[in-house]
Amino acid sequence: MDYFTAILGPLLNGTAVTLQVFLITLALAVPLGLGLALVRVSRFRTASGIVSGYIWLMRGTPLMLQMLFIYFALPFVPVIGVRLPDFPAAIAAFTLNYAAYFAEIFRAGIQSVGRGQHEAAQVLGLSYGQTMRRIVLPQMVKRILPPMSNETITLVKDTSLIYVLAMNDLLRAARGIVQRDFTTMPFVVAAAFYLFMTLVLTWGFMRLEKKYAVYDD
């Protein structure tokens, strides 16, 4: 028990870093993903094609590679030449990567709404923006909750990748204690922390799904 208390402090500090990366990424990637999805389904073929290429690139390459590129290679890119500290580099990589995944989830949700509802909105004199805001997006939300739940839980676990930038997240803190004390107990505690975070997210999304299911009865 004394040992558990001793290692709890560093692990909680690591958890704070993990939660910061998770929350900031979620706050940035969700609206960016929605914006990308709206462009993706728009009638502007050039813009839609560019977004499609971006999504293909971000989904087709590993997140760790993207993070390493932003941190190590971005300073050598002509014109850009910007060197980001470890935390902003991680946030940029996670946001750009997860925005692509969220964009595809939003796109599928938008396109799942029947075409007849778009036509009905036109008959009522609603603009494209009003149709999206008042009719399509509210219906989209309840349809994308399961995939959004899966992707959000994956985000929690993917935050462990920031160890490659030597950031002191939960996993790196646990690993440091293991190497120092030659015991696997910190890994067990870290696993419990991750499980608790995913449990909270699972519970939250289940509540949302039940709330929106009421309108289907």
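Because the structure is a prediction, the values reported are computed rather than measured.

What to know about helix H1 (residues 2–40)
Between its first and last C-alpha, H1 extends 55 Å over 39 residues, near the 57 Å set by a 1.5 Å rise per residue. Along its length, H1 reaches its greatest deviation from straightness, about 35 degrees, at Leu8, and the proline Pro10 lies no more than four positions downstream.

Remarks on the nonpolar core
In terms of nonpolar packing, the biggest core is built from 55 residues, with Leu11, Met67, Phe94 and Ile162 touching the most fellow members. Those elements giving two or more residues to this core turn out to be H1, helix H2 (45–60), helix H3 (63–73), helix H4 (86–111), helix H6 (128–158), helix H7 (170–181) and helix H8 (185–213). At 13 residues, H4 tops the list of elements feeding residues into this core. In contact with Ile162, not counting residues within four places along its chain, are Val17, Val21, Met67, Ala90, Phe94, Met167 and Asp169.

Overview of the pattern of salt bridges
Inspection of every chain in the model, using the stated rule, returns 4 salt bridges. Between Arg59 and Glu104 there is a salt bridge, with its nearest N and O atoms 3.5 Å apart. One end of the pair, Arg59, is in helix H2; the other, Glu104, is in helix H4, and 45 residues separate them in sequence. Arg59 sits in the partly exposed class, given a relative accessible area of 40%. What makes Glu104 buried here is its relative accessible area of 16%.

Concerning H3
Taken as a whole, H3 has its buried residues at Leu63, Gln66, Met67, Ile70 and Tyr71. The buried residues of H3 occupy one face: seen down the axis, they fall within an arc of 120 degrees.

Structural notes on the UniProt feature "transmembrane region" (unreviewed entry) in the protein
Residues given the UniProt feature "transmembrane region" (unreviewed entry) here are residues 20–42, 63–81, 87–106 and 185–206. Along residues 63–81 the backbone is 58% helical and 0% strand, and the end-to-end C-alpha distance reaches 21 Å. Helix makes up 100% of residues 185–206 and strand 0%, and the two end C-alpha atoms of the span are 31 Å apart.

With respect to a nonpolar patch on the surface
Together, Tyr3, Met185 and Val188 make up an exposed nonpolar region whose accessible area comes to about 250 Å². Relative to the helices and strands, Tyr3 is located in helix H1. For Tyr3, a relative accessible area of 30% translates into the label partly exposed.

Quick look at the packing of H1 against H4
Close contact between H1 and H4 brings their axes to 6 Å; oriented N to C, the two are set at 45 degrees. Taken together, the axis directions place H1 and H4 in an arrangement best described as oblique. Seen from above, H1 lies across H4 with right-handed handedness.

Here we look at unusual backbone geometry
Not every positive phi belongs to a glycine, and Ala166 is a case in point at roughly 60 degrees. For Ala166, the position within the fold is in the loop between H6 and H7. Of note in the backbone geometry, Phe182 takes a positive phi value of approximately 55 degrees without being a glycine. By the element assignment, Phe182 lies in the loop between H7 and H8.

What counts and what doesn't
- Residues numbered from 1 in each chain as written.
- Predicted model: local features only at pLDDT ≥ 70, side-chain atom pairs only at ≥ 80, totals over all residues.
- Heavy atoms only, no water.
- Helix = DSSP H or I, 4+ residues; strand = E, 2+ residues; numbered from the N terminus.
- Expected span 1.5 Å × (residues − 1).
- Bend = angle between axes of the 7 residues up to and from the residue.
- Core = buried A, V, L, I, M, F, W, Y, C linked by side-chain atoms within 4.5 Å.
- Buried < 20%, exposed > 50% of the residue type's maximum accessible area, 1.4 Å probe, protein only.
- Contact = heavy atoms within 4.5 Å.
- Salt bridge = Lys/Arg side-chain N within 4 Å of Asp/Glu carboxyl O.
- Arc of directions from axis to C-beta.
- UniProt positions renumbered as here; feature names shortened; annotations may be inferred.
- Patch = residues over 30% accessible without salt bridge, like charges linked within 9 Å, V, L, I, M, F, W, Y side chains within 5 Å.
- Areas by Shrake-Rupley, 256 points an atom, 1.4 Å probe, with all protein chains shown as cover.
- Axes fitted to C-alpha atoms, helices over the stretch in contact; angles between N-to-C directions.
- Parallel < 35°, antiparallel > 145°, perpendicular 65-115°, else oblique.
- Left-handed = near helix turned anticlockwise from the far one by under 90°.

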